[in-house]
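# Overview (structure and organization)
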Amino acid sequence: MKILICVGSTCHLCGSKKVVNRFQELVAEHHLQDKVELAGKFCMGKCGEGVSVMINDTVYSVKPEEVDTFFKNEVLAKL
């Protein structure tokens, strides 16, 4: 599974660094380094709604405090 996280200016202001860091921690905690690839991407067109995260061509808006729930529902549930 490839997860793209926006690192553009608006998402940066919405907390993309925190989102990236938490995704990295969760991938490591769940030993998913061989199943999940994290990558940065610039603008996905959903500016201002949260940090844009793309999985399988679907773009989600994720706030830093929502990463754990998002990871459980959209990553772990689909692996």
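The structure reproduced in this document is the subject of the present report. (Residues numbered from 1 in each chain as written. Predicted model: local features only at pLDDT ≥ 70, side-chain atom pairs only at ≥ 80, totals over all residues. Heavy atoms only, no water.)

Spatially, four strands are ordered β2-β1-β3-β4 in an open sheet, and the strand pairing comes out mixed. Here the strands that pair on one side only, and so sit at the sheet edges, are β2 (37–41) and β4 (58–62). Strand-to-strand, the axes of this sheet are offset by a mean angle of 25°, without reference to chain direction. Inspection of the sheet shows strand β1 (residues 2–6) paired to strand β3 (residues 51–55) by three bridges, in the antiparallel sense. Across the sheet, I3 pairs through a bridge with I55, a residue of β3. Its contacts with the sheet place helix α2 (residues 16–29) against β1, β2, β3 and β4, and it is angled at close to 160° to β1. (Pairing = 2+ DSSP bridges. Helix = DSSP H or I, 4+ residues; strand = E, 2+ residues; numbered from the N terminus. Axes fitted to C-alpha atoms, helices over the stretch in contact; angles between N-to-C directions. Contact = heavy atoms within 4.5 Å.)

Moving on, we come to unusual backbone geometry. In this structure, N56 takes a positive phi of about 50° despite not being glycine. Note that N56 resides in the loop between β3 and β4. For N56, a relative accessible area of 59% gives the class exposed. Even without glycine at this site, D57 takes up a positive phi of about 70°. Examined against the element boundaries, D57 turns out to sit in the loop between β3 and β4. Relative accessible area serves as the criterion here: at 73%, D57 is assigned to the exposed category. (Buried < 20%, exposed > 50% of the residue type's maximum accessible area, 1.4 Å probe, protein only.)

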